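# A structural walkthrough
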Amino acid sequence: MIKIYLFVAILAIATRLLFVLLFPGSGGDWDIYSTVAENILSGCGVSLSDPLSQECVPHFGGNQLPGYPAFVALIWMLFDHKDAAVRLAQLIVYVSSLIWLVRAVYLYSFSKKIALIVGLIMAISPLQIAWPRYTQTETLALAATILVIAERLYSLTYEKLRVFPLALALSFAIFIRLDSVLLAIPTAITGFIIYKPYIALKKGLVLFLLLLIPLGSWTVRNIHVEIPVFPQNMTLPEGSHQPTGYLKWGRTWITEEYQRPGWGWGVNRHNYDSISIDSAAY
């Protein structure tokens, strides 16, 4: 199996490294993630205040929980504030998760062929190979999702729900992207496959309580600094209130994601000159 692990790892790295080195990008919400990361590094903490200002207004975490900005801040601290190091680090995290999945598939199926096929599909998937070139949450979100899938397979293999590893993988996933909370659904189904309903509910309760430790701690922090416990529909710097009427108006005509940047990104960055309303609005 070691040869299979090495082959899958080399293939996954090679296909992605090409994009990382030749086509690096940021875009999207990088200005939000980088601002929070800068504030974490400076000692301000999780904040969307201008890092060059004297203000330090606490924030929920950016447009997600602060997992990705914290990751960026750590890599910056270790590697002299290099964005290239962030891209390489998230690539390494992804490949490590993939190898963990390949091992899980092998133990579950006891077939080297099936494990290799899964590894190859994931390694060269056109839906995944370009993400590490971006300083965005997607690569770590994919890695976290792969970890959850792997831990479910390990649980099925050993016929025992791996509560602590699953709690770690789910916490990692949720702190990177809030929509990862939906991974709790297939995890719960795995519990009911392994156990009778009563025992599955007990195991699920333990898992839920473990998830509450990081999520509950962050909620207590938000309450302590007197900011909303849940993120708003539109992320705004320095705790500004979202433009409720503007958001309601947008929902009356927006029908596709491509209409959102011109309509919304200028607002949630207080850069009103950049607002561009699609003609469909009229």
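Attention in this report is confined to the structure presented alongside it.

What counts as what
- Residues take numbers from 1 onward in each chain, read along the sequence in its written order.
- Side-chain atom pairs in this predicted model are given and counted only at pLDDT of 80 or more, local residue features only at pLDDT of at least 70, and totals for whole chains, interfaces and linings cover all residues.
- For the side-chain quantities, the full set of heavy atoms in the structure was used; hydrogens and water were omitted.
- Think of it this way: any DSSP run of H or I at least four residues long counts as a helix, any run of E at least two long counts as a strand, and we number them from the N terminus.
- The quantity called the radius of gyration is restricted to C-alpha atoms. Its globule counterpart is 2.2 Å times the number of residues to the power 0.38.
- Any residue under 20% of the maximum accessible area for its type is buried, any over 50% is exposed, and the rest in between are partly exposed; the area is computed with a 1.4 Å probe on protein chains only.
- We call two residues contacting when some pair of their heavy atoms lies within 4.5 Å.
- Computed with the Shrake-Rupley method and a 1.4 Å probe, the accessible areas treat only the protein chains shown as cover for residues.
- Under this rule, positive means Lys or Arg and negative means Asp or Glu; His and the chain ends count for nothing.
- For the purpose of locating charges, the reference atoms are NZ of Lys, CZ of Arg, CG of Asp and CD of Glu.
- For every element, the axis is a line fit to its C-alpha atoms; helices are fit only across the contacting stretch, and the angle between N-to-C directions ranges from 0 to 180 degrees.
- Oblique is the label for any angle not covered by the other classes, which are roughly parallel (under 35 degrees), roughly antiparallel (over 145) and roughly perpendicular (65 to 115).
- Amino acid classes used here: Ala, Val, Leu, Ile, Met, Phe, Trp, Tyr, Cys and Pro are nonpolar; Asp, Glu, Lys and Arg are charged; the rest, including Gly, are polar.
- Aromatic pairing here means that ring centres of Phe, Tyr or Trp (its six-membered ring) are within 6.5 Å. Orientation follows from the plane angle: under 30 degrees is stacked, over 60 is edge-to-face, and everything else is tilted.
- By definition here, a helix of n residues has an expected span of 1.5 Å times n minus one.
- The quantity called bend is, for any residue, the angle between two axes fitted respectively to the seven residues ending at it and the seven beginning at it.
- Put simply, a salt bridge is a Lys or Arg side-chain nitrogen that is within 4 Å of an Asp or Glu carboxyl oxygen.
- Among the buried residues, those of types Ala, Val, Leu, Ile, Met, Phe, Trp, Tyr and Cys that are joined through side-chain atoms within 4.5 Å form a nonpolar core.

## Some details on the overall build of the protein
Looking only at helices and strands, one finds 11 helices and zero strands in the protein. Reading the protein from its N end, one meets helices and strands in the order α-α-α-α-α-α-α-α-α-α-α. Taken over the C-alpha trace, the protein has a radius of gyration of 21 Å; the compact-globule value for 282 residues is 19 Å, and the two agree within 12%. Seen through its C-alpha atoms, the protein measures out along the principal axes to roughly 60 × 50 × 45 Å. Burial statistics for the protein: of 282 residues in total, 42% are counted as buried. The contacts in the protein between residues at least 6 apart in sequence include a share of 68% that link residues at least 24 apart. For the protein, the computed accessible surface area is about 15200 Å², with 67% contributed by carbon and sulfur atoms. Once the 20 positive and 17 negative side-chain charges of the protein are each reduced to a mean point, those two points are 18 Å apart.

## Observations regarding the packing of helix 6 (residues 138-158) against helix 8 (residues 184-194)
Interhelical geometry of helix 6 versus helix 8 gives an angle of 5° and a closest axis separation of 10 Å. If you check the angle between helix 6 and helix 8, you find them roughly parallel. Taking contact as the criterion, the partners of Val-148, Arg-152, Ser-155 and Leu-156 in helix 6 are, on helix 8, Pro-186, Thr-187, Thr-190, Ile-193 and Ile-194. Looking at the contact of helix 6 with helix 8 residue by residue, the classes come out as five nonpolar, three polar and one charged.

## Some details on the packing of aromatic side chains
If you walk through the whole model with that rule in mind, you get 11 aromatic pairs. Summarising the aromatic geometry, the rings of Trp-30 and Trp-76 are spaced 5.9 Å apart at their centres and angled 80° between planes, so their arrangement reads as edge-to-face. Here Trp-76 lies in helix 3 (residues 67-78) and Trp-30 lies in helix 2 (residues 30-42), a separation of 46 residues in the sequence. Of the two residues, Trp-30 and Trp-76, neither departs from the other in class, the shared state being buried.

## Digging into helix 1 (residues 2-22)
The end-to-end C-alpha separation of helix 1 is 30 Å, in line with the 30 Å expected for 21 residues at 1.5 Å each. The principal kink in helix 1, of about 30°, is found at Arg-16. Among the residues of helix 1, those classed as buried are Ile-4, Tyr-5, Val-8, Ala-9, Ala-12, Arg-16 and Val-20. Against the buried residues of helix 1 lie helix 4 (83-109) and helix 5 (112-124).

## Notes on the pattern of salt bridges
For the structure on display, the rule yields four salt bridges. Of the charged contacts, one joins Asp-179 and Arg-177 as a salt bridge, the two residues approaching to 3.3 Å between their closest N and O atoms.

## As for the nonpolar core
By size, the foremost hydrophobic cluster in this structure holds 23 residues, and its most contacted members are Met-1, Tyr-94, Leu-98, Leu-101 and Val-102. Among the elements of the structure, helix 1, helix 4, helix 5 and helix 6 are those that each provide at least two residues to this core. Tallying contributions element by element places helix 4 first for this core, with nine residues. The residues contacting Val-102, other than those within four sequence positions of it, are Met-1, Ile-4, Tyr-5, Val-8, Ala-115 and Gly-119.

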